[in-house]
Amino acid sequence: MPTPTSPEPASDAAAEGGNEVPFRYTAALAEQIELRWQDRWDELGTFHTPNPSGPLTDGNGANADPAKRSFFLMDMFPYPSGAGLHVGHPLGYIGTDVVGRYRRMCGDNVLHALGYDAFGLPAEQYAVQTGQHPRVTTEANIEIMRRQLRRLGLAHDPRRSFATIDADYVRWTQWIFLQIFDSWYDEDAVRPDGGRGRARRIGELVEQYEAGTRSLPADAPATSWAELDSVGRRRVLDAHRLAYVSETPVNWCPGLGTVLANEEVTVDGRSERGNFPVFKRNLRQWQMRITAYADRLADDLDLIDWPEKVRLMQRNWIGRSEGAEVRFEIIGGDEVTVFTTRPDTLFGATFMVVAPEHPLLDEVPAQWPDGTHGAWTGGHDSPLAAVAAYRAQTAAKSAVERQADAGRKTGVFTGHVAINPTNHELIPVFTADYVLMGYGTGAIMAVPAHDQRDWDFARDFELPVVRVIDGPGDIEVEAYTGDGVAMSSSHDDLSLDGLAVTEAKRTIIAWLEEHGIGRGTVTYRLRDWLFSRQRYWGEPFPVVYDEHDLPIALPDELLPVELPEVPDYSPRTYEADDVHSEPEPPLGRNEEWVNVTLDLGDGPKTYRRDTNTMPNWAGSCWYYLNYLDPGRRDVVVDPELERYWMGAGHDDLAGVSGGVDLYVGGVEHAVLHLLYSRFWHKVLYDLGRVSAVEPFRTLFNQGYIQAFAYRDDRGQPVPAAEVVEDAEASTGFTWQGQPVTQEYGKIGKSLKNMVTPDEMYAAYGADTFRLYEMSMGPLDLSRPWDTRAVVGSQRFLQRLWRNVVDETTGEVTVVDVEPDQETLRALHRAIDEVRTEMDGMRFNTAIARLIVLNNHLTGLAEVPRSVAATAVLLAAPFAPHIAEELWSRLGHEQSLAYESYPVADPAYLVEETVTCVVQVQGKVRDRIEVAPGIAEDELVALALASAGAQRAMDGKPARRVIARPPGLVNIVV
RNA sequence: GCCCCGAUAGCCCAACUGGCAGAGGCGUUCGGCUCAAACCCGAUCCAGUGUGGGUUCGAAUCCCACUCGGGGCACCA
């Protein structure tokens, strides 16, 4: 007999059949209770979180009690998509709600609210399809999502919710942008935390230039500040800004019509959204100088309590590597600086490679030098032709193709010849796309003997391989990249021979520095953050351009710059592989908006607005600050509130970094949002706007809920809810009689395995749904959804209900008696264990302890009132509605939200007797009941005398006895 | 290719610093309740911890190698 995999909801006797048990805890009763309590919480402002001062008070109109510990709890806020929620979405929100309710009952002042991350591509694409303004659909989606989430009974402060598209919010996003724009990074300035290097106002840079304490950059058109005209000065300053416009190679995605950040391009060179090919193009775009913070972003990971995995991912992304820069002279007068992590192998450099975009290639010799190897020319008559052809060829390559070609070495001789600064040997300069312009200096010295990529290139182009590190292996077969002692590395005043790698590096770097041809340096994989997008649905830049085409910040009183109406919301898109296309942002279509007359201090003038918008990440970079006081709008964040909720040492969890006490979200944001947000926070820290060193003190990654899906023999997904288990089918499952195969995957429409929270509310109620999600397993683990198992959580709540309320009469059945010793012990053990598990966020095991206690109560003839009340409090964080209902039926007028979470009495935790395991040779042979405080010799004597031990020892003497009183004795014979 | 994480009963998952493999839930089967059924109550079934080795009095737990699954990075000099 086949059984359905997704059965009917638990039958609802009260609703369906007669009314024999009108007070059974069914889905219908749960709904009544839940809706009633949700309304009540709203009416009373139960979860209004008080600030220590200001208008945000608690439900009784009071500010925060300074004696209470503050606890700032956050979810990664949702994107309000129109697709609707499935059962996987609320997992993290339920988890944080449990933490928040628990911490609140432990006496903390808990800040927990939920905003909406509402700019972005899906809303824009929907608007393009429907012609409706994205604001209309986005706000409608937010309303739908609010309703769905409210039904869960989340204890959020509703006054602190907001969306990143709100004008009030956009204003401050733009304001922060302008702070970054008005900043430069002073490597030498000392920070409040004692470290070196921090952002400072541009005004302070001007002061330094005016005073002559800082010299102009080498490429400035004058030698002193005074000689520069105002445009020249602005150019110098603009080049220092932390937000700057520059023409650099960026990721251009014709299929989306926009440029993308490195972080938004997948490993195989496609756009994360839409999966279109991405090309490297030189375009003039906004960048954020996140690289200035590379060291701090890497180092401060040690200060925060994050999953090791995420810290590792951030470290890898930042990719710090230490090495040296070495200047090579090029015959004919040029110079090229290379970066290497192995300066100790400098004597083994037999050629040089520059990236195809390298400026050295803007001029190349007219003719091949004498003796040029035939294989080096690529068949061209001159270096000019060869380099031009190679540059064109690589420019047309998409990142996908580059990826596919990785490992295969292409390149061409440039006609340039460099001089190895150590031994003065002449070495040819090649260009090849395995050297990237964006990393290091875009040029390398090639040491084929000790680098596999260089070795591959040398083999293909028949270049010499010179061994300079002694070690095993044959460099005719492959490069030797291991450690070893330097050899063949001496000339004139320098010898590395005999030195180990570390020592050789130190020696050569000192020599390079002494001779002014190089220096020790650090390079990062991290690039500056490409910050503009050619899209409509994002924050406009609060910047205009004058006749010199230089950016000018708008004054604060002109913020927010709001989005103009445009005839068409989409950027111009192109064939996905149209390399030569140009970005064309939609904001440019409103000429009236673009050209604006303003008086910015020197009379009314016409300016041109920036037609780009900020990337979706901008809004999520600082939203945690907005929860602190979303109403207040004269500062980005009140310093007093920031210190109270986030400051270093604001509670015993905050550590030296400070920050949000607990931040829960998916691991998919490990490098994007979490890195950008940390960067913005550090700029705000440098500018004195926040006191915490880091935005998020503790990070927790919740797992994903996935579900089984089924496909028919053509591979088409079939509705999972209609599939039945069928032992007779070859695959074990059938759908409408035909065998289907099972697979495990994401919940969604495409796999036809969608299960929605709404279905769960209807079939079981929110408390059962919450309890089930929390009991499935550890919060950080991904697990399969199983609708069939939800009933177990409902049964638990029904038993809890029945322990207090008579299902037939609705009367409270608890009695005012003293609990017996056994019940007291069960109760206090449960309290103790539940608290331990709650503190460790192990909700699945906490629930298991609750079930044990509840099952004990079920076995009693009558349930003592005090015990029932305690059990209700214990369960309240998980199933708040039924808990409130029972608490009220037990005679309490106030919500239990602020009741103290029960504390165990240690007197009931000590056992009268302990079972001691008697092992012989490590195998259990007997058990004896002993007093917990039994002395070791007495225990050993009892164990040796036990029947099981005697039998197992078989008359042999005990050679050794290991005793761990009172629980274990192991006898070795 | 490199780096992380994981593997315990038919399924989801427990097991404190190494110390009785089972807390809880789903499922199975059986009994009680019932005129009968559902619900409920009680019981029951089921693994020696992915594989192979090592350390130890004792290993799910520590070490080594491997297999499978999930994730991250990948021409970064």
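In this report, we go over the structure that sits alongside the text. In every chain, residue numbers begin from 1 and rise along the written sequence. Following the order in which they are written, the chains are lettered starting with A and the ligands numbered starting with 1. In view of the model being predicted, local features appear only for residues whose pLDDT reaches at least 70, and side-chain atom pairs are presented and counted only at 80 or more, with totals across whole chains, interfaces and linings using the full set of residues. Hydrogens and water molecules were not included; the side-chain quantities draw on all heavy atoms of the structure.

1. Some remarks on the overall build of chain A
Numbering of helices and strands runs from the N terminus; a helix is a DSSP stretch of H or I covering at least four residues, while a strand is a stretch of E covering at least two. Per the secondary structure count, chain A includes 28 helices and 34 strands. Taking the principal axes of the C-alpha coordinates as reference, chain A spans close to 105 × 90 × 65 Å. The classification of residues rests on relative accessible area computed with a 1.4 Å probe and restricted to protein chains. Under 20% of the type maximum is buried, over 50% is exposed, and intermediate values are partly exposed. Of all 973 residues assigned to chain A, the portion counted as buried reaches 55%. Counted over contacts in chain A with a minimum sequence separation of 6, partners at least 24 positions apart contribute 70%. Accessible surface, chain A as shown: approximately 41,500 Å² in total, 49% of it carbon and sulfur. Note that His is not counted, nor are the chain ends; the positive residues are Lys and Arg, and the negative ones are Asp and Glu. By convention, the charge on Lys lies at NZ, on Arg at CZ, on Asp at CG and on Glu at CD. Measuring between centres, the 92 positive side-chain charges of chain A sit 2 Å from its 144 negative side-chain charges. Note on definitions: a residue-residue contact is assigned when non-hydrogen atoms from the two residues lie within 4.5 Å. The Shrake-Rupley method, run with a 1.4 Å probe sphere, supplies the accessible areas, and residue values consider only the shown protein chains as cover.

2. A few points about the nonpolar core
For this analysis, a nonpolar core means a set of buried residues of the types Ala, Val, Leu, Ile, Met, Phe, Trp, Tyr and Cys, connected via side-chain atoms within 4.5 Å. Phe72, Phe177, Trp529, Phe531, Trp680, Trp785 and Phe878 are the most contacted members of the largest nonpolar core, which totals 182 residues. Excluding its chain neighbours within four sequence positions, the residues that come into contact with Phe531 are Phe177, Trp286, Gln287, Met288, Phe541, Thr613, Met614, Pro615, Ala618 and Trp680. One finds Val336, Leu346, Ile469 and Ala486 within the second-largest nonpolar core, a separate group that totals 34 residues.

3. Overview of the pairing of strand S31 (residues 914–920)
Of all seven residues in S31, six are buried, a share of seventy percent or more. Bridge analysis of S31 against strand S32 (residues 923–930) gives seven bridges, and the strand direction is antiparallel. Looking across to S32, one finds that Gln919 is bridged to Val924. Note: two strands are recorded as paired if DSSP finds a minimum of 2 bridges between them. Counted between consecutive antiparallel strands, the loop separating S31 from S32 contains two residues, among which Gln921 sits at a positive phi close to 55 degrees. Taken together, the four bridges between S31 and strand S34 (residues 968–972) define a ladder with parallel strand orientation. Of the residues in S34, the one forming a bridge with Gln919 is Asn970.

4. Digging into the protein's contact with RNA strand B
Taken together, 56 residues surround RNA strand B, and among them Thr341, Tyr439, Arg453, Arg927 and Asn970 come closest. The separation between a sugar or linking oxygen of RNA strand B and a polar main-chain atom of Thr341 is 2.3 Å. Side-chain atoms alone can form a polar contact between residues adjacent in sequence; in general such a contact is a pair of N or O atoms within 3.5 Å, and within protein one must be able to donate a hydrogen while the other accepts it. The contact in question runs from a sugar or linking oxygen of RNA strand B to an N or O atom on the backbone of Tyr434, over 2.8 Å. A per-element tally of the surface near RNA strand B places helix H24 (residues 843–858) first, with seven residues. Only Asp, Glu, Lys and Arg are considered charged in this grouping, and only Ala, Val, Leu, Ile, Met, Phe, Trp, Tyr, Cys and Pro are considered nonpolar; every other residue, Gly among them, is considered polar. Here the residues of the surface near RNA strand B are counted per class, giving 23 nonpolar, 14 polar and 19 charged. Here a residue counts as near a molecule or strand whenever at least one of its heavy atoms sits within 4 Å of it.

5. Quick word on the environment of Gln821
Structurally, Gln821 is set in helix H23 (residues 821–839). A relative accessible area of 47% places Gln821 in the partly exposed class. With 360 residues separating them in the primary sequence, Gln821 and Phe461 have C-alpha atoms 87 Å apart.

6. Describing the pattern of salt bridges
The term salt bridge refers to a side-chain nitrogen of Lys or Arg lying within 4 Å of a carboxyl oxygen of Asp or Glu. Taken as a whole and assessed by the stated rule, the structure comprises 51 salt bridges. The residue Asp157 makes a salt bridge to Arg160 at a minimum N-O spacing of 2.9 Å. The salt bridge involving Arg608 is made with Asp549; its shortest N-O contact spans 2.6 Å. In this pair, Arg608 is assigned in strand S22 (residues 604–609) and Asp549 in the loop between strand S19 (543–545) and strand S20 (551–553), connecting sequence segments 59 residues apart. Take Arg608: its relative accessible area is 35%, and that puts it in the partly exposed class. Overlapping salt bridges, with partners in common, bring together Arg69, Arg103, Asp108 and Asp652 in one network.

7. Some details on the sheet that holds S32
Spatially, S32-S31-S34-S33 is the arrangement adopted by the four strands of the open sheet, whose pairing is mixed. Edge positions in the sheet fall to S32 and strand S33 (960–964), since each of these pairs with one other strand and no more. The average angle at which neighbouring strand axes cross in this sheet is 15 degrees, direction not considered. Axes here refer to lines fitted to C-alpha atoms; in helices the fit is confined to the stretch in contact. Angles between the N-to-C directions go from 0 to 180 degrees.

8. What to know about the packing of aromatic side chains
The pairing test for Phe, Tyr and Trp rings, Trp by its six-membered ring, is centres within 6.5 Å, and the orientation test on the planes gives stacked under 30 degrees, edge-to-face over 60, and tilted for anything in between. Within the structure shown, the criterion is met by 47 aromatic pairs. Ring centres of Phe162 and Tyr169 lie 5.1 Å apart, and the angle between their planes is 20 degrees; this geometry places the pair in the stacked category. On the numbers, 6.3 Å between centres and 80 degrees between planes, the contact of Phe339 with Tyr439 is edge-to-face. With Phe339 in strand S10 (residues 335–340) and Tyr439 in the loop between strand S13 (426–431) and strand S14 (443–446), the pair connects residues that are 100 residues apart, well separated along the chain.

9. Things to note about helix H25 (residues 865–875)
Counted residue by residue, H25 has nine buried out of eleven residues, so it is predominantly covered. Inspection of H25 places Val867, Ala868, Ala869, Thr870, Ala871, Val872, Leu873, Leu874 and Ala875 among the buried residues, and these make up the whole buried set. Of the surrounding elements, those touching the buried residues of H25 are helix H3 (91–105), helix H22 (790–802), H23, H24 and helix H26 (880–889).

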